[in-house]
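A look at the structure
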Amino acid sequence: MRSGYVAVIGRANAGKSTLINVMVGEKVSIVSPKPQTTRDRILGVMNGEDYQVVFVDTPGIYKAKNALTDMMMRTTEESAKAVDLILYVLDGHEGVREEDFSLMRKYKELGLPMAVAYTKIDIMPKENIPLDMAKFADSGIDLDVFPVSARKGRNIKNLREFLISSMPEGGKVFEEEIVSDKSERFMIAEIMREKILLKYDKEIPHGVAVVVNIFRLGENDVYEINLDIVCEKPGHKAILIGKQGRAIKEVSSFARQDMEKFLGKKVFLTTYVKVKEDWRDKPGLMKEYGYEEFREL
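Residues numbered from 1 in each chain as written. Predicted model: local features only at pLDDT ≥ 70, side-chain atom pairs only at ≥ 80, totals over all residues. Heavy atoms only, no water.

**Section: the overall build of the protein chain**
Across its full length, the protein chain carries 10 helices and nine strands. The buried share of the protein chain, taken over its 297 residues, is 52%. Looking at the protein chain alone, contacts between residues at least 24 apart form 73% of all its contacts between residues at least 6 apart. Surface exposure of the protein chain reaches about 14200 Å², of which carbon and sulfur atoms provide 49%. (Helix = DSSP H or I, 4+ residues; strand = E, 2+ residues; numbered from the N terminus. Buried < 20%, exposed > 50% of the residue type's maximum accessible area, 1.4 Å probe, protein only. Contact = heavy atoms within 4.5 Å. Areas by Shrake-Rupley, 256 points an atom, 1.4 Å probe, with all protein chains shown as cover.)

**Topic: the sheet that holds strand β9 (residues 266-275)**
An order of β7-β8-β9 is seen for the three strands of this open sheet, with the pairing classed as mixed. The open sheet terminates on both sides in strands that have one partner only, identified here as β7 (209-217) and β9. Averaged over all pairs of adjacent strands, the angle between strand axes in this sheet comes to 15 degrees, irrespective of strand direction. (Pairing = 2+ DSSP bridges. Axes fitted to C-alpha atoms, helices over the stretch in contact; angles between N-to-C directions.)

**Quick word on the nonpolar core**
Soluble globular proteins: nonpolar side chains tend toward being buried together. One finds Tyr 88, Leu 90, Met 104, Met 114, Val 116, Tyr 118 and Phe 136 to be the most contacted residues of the largest nonpolar core, which totals 26 residues. Breaking this core down by element, the ones donating at least two residues are β1 (2-9), β2 (42-48), β3 (51-57), β4 (85-91), α3 (98-108), β5 (114-119) and α4 (128-139). No other element matches the four residues that α3 contributes to this core. Setting aside anything within four residues of it in sequence, one finds Met 114 in contact with Leu 85, Ile 86, Tyr 88, Met 104, Tyr 107, Lys 108 and Leu 143. (Core = buried A, V, L, I, M, F, W, Y, C linked by side-chain atoms within 4.5 Å.)

**Concerning the pairing of strand β8 (residues 222-231)**
For a regular strand, side chains alternate in direction, first toward one face of the sheet and then toward the other. The element β8 is largely enclosed, with a buried count of eight among its 10 residues. Count of turn residues in the β7/β8 antiparallel hairpin: four residues, of which Asp 221 carries a positive phi of about 65 degrees.

**Here we look at the environment of Arg 2**
Relative to the assigned elements, Arg 2 resides in strand β1. Looking at Arg 2, the relative accessible area reads 31%, which means it is partly exposed. Residues contacting Arg 2, with those up to four places away along its chain left out, are Asp 50, Tyr 51, Gln 52, Ile 164, Ser 165, Met 167, Pro 168, Glu 169 and Gly 170. One polar contact links the side chain of Arg 2 to the main-chain carbonyl oxygen of Met 167, over a distance of 2.6 Å. (Polar contact = N/O pair within 3.5 Å; in protein donor to acceptor, adjacent residues only side chain to side chain.)

**Observations concerning the side chain of Ser 252**
On the secondary structure map, Ser 252 appears in helix α9 (residues 246-263). Of the polar contacts made by the side chain of Ser 252, one reaches the side chain of Thr 271; its length is 3.1 Å. In this structure, Ser 252 is in contact with Met 192, Leu 269 and Thr 271, ignoring residues within four places of it in sequence.

**Some details on the pairing of β5**
Of all six residues in β5, six are buried, a share of seventy percent or more. Bridging between β4 and β5 involves six bridges; their strand directions are parallel. In the strand pairing of β5, Ile 86 is matched with Met 114. Traced from β4 through α3 to β5, the parallel crossover comes out right-handed. Relative to strand β6 (residues 144-147), β5 runs parallel, the two being bridged by four bridges. Bridge assignment links Tyr 118 to a residue of β6, and that residue is Pro 147. Of the crossover connections in this fold, the one passing from β5 over α4 to the parallel β6 is right-handed. (Right-handed = clockwise from strand over helix to strand, strands pointing away.)

**Concerning the pattern of salt bridges**
Oppositely charged side chains can form a pair if their charged atoms are brought close together. Per the stated rule, a full pass over the model turns up 16 salt bridges. Among the salt bridges present, the one from Arg 97 reaches Glu 94, with a minimum N-O distance of 3.1 Å. With relative accessibility at 36%, the residue Arg 97 sits in the partly exposed group. Overall, the relative accessible area of 45% leaves Glu 94 in the partly exposed class. Put simply, Glu 194 and Lys 195 hold a salt bridge, and the shortest N to O gap is 3.4 Å. For the pair shown, Glu 194 and Lys 195 are each scored as buried. (Salt bridge = Lys/Arg side-chain N within 4 Å of Asp/Glu carboxyl O.)

Okay, structure coming up:
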């Protein structure tokens, strides 16, 4: 039996969450084309008869601009130290940058086994792959590199087998039916935030928190969900609600459909938009909204 932890690390929007969802076979992390999608450390569990690999999905790496992003970067740094292997996810579509090599060297200094998932090969020119592999050779960084497409499932089997073989021998960390350490309540909030990230542009989604006030299954077998969407400025609130409430109704409808798919039951969803100015720089509010300091694995 092989069992262990894999920290999934890389620059923002490299495809970390999508890759983990495919590996686990369930939606354990939300996905959007915007940075700052993953804010907290999320565990996704890949189970098999003779293995269990626990993926640690970490926030994307970028320069901290407020207390929230500073906490996110500390979470990524500490997560990398507490695992059996580091999987660096590199956006092949964007190409290899010197920043990637600098980060790989930094994490390699931790002395842990490390590999690279070179993602999004389905949406990039195929001739770029050997050119980027040559850059790896020239960099002097000796790592196993797996060109993959999570969306198309290309080369996922080879990466999965490599990760399993790299895990130490030992018993399972979680019961087999568990695919994530996060609660349904947490995932409901994340689904709502995912839809906001997908619908609205630029800074507004980054300054949004979602707080679930009510999450209960009624006698009619319908989930009652009441949540607050917290933004930082009155102008953001107006944009989130939209003219005659059309924007918030649309995003809530999309979110409800995904919630019903996730929970396997009908959902009655109520949403409110509130303003808490500069909450991302206020530790008390960050904690209230579920963003706490790093906790050891």
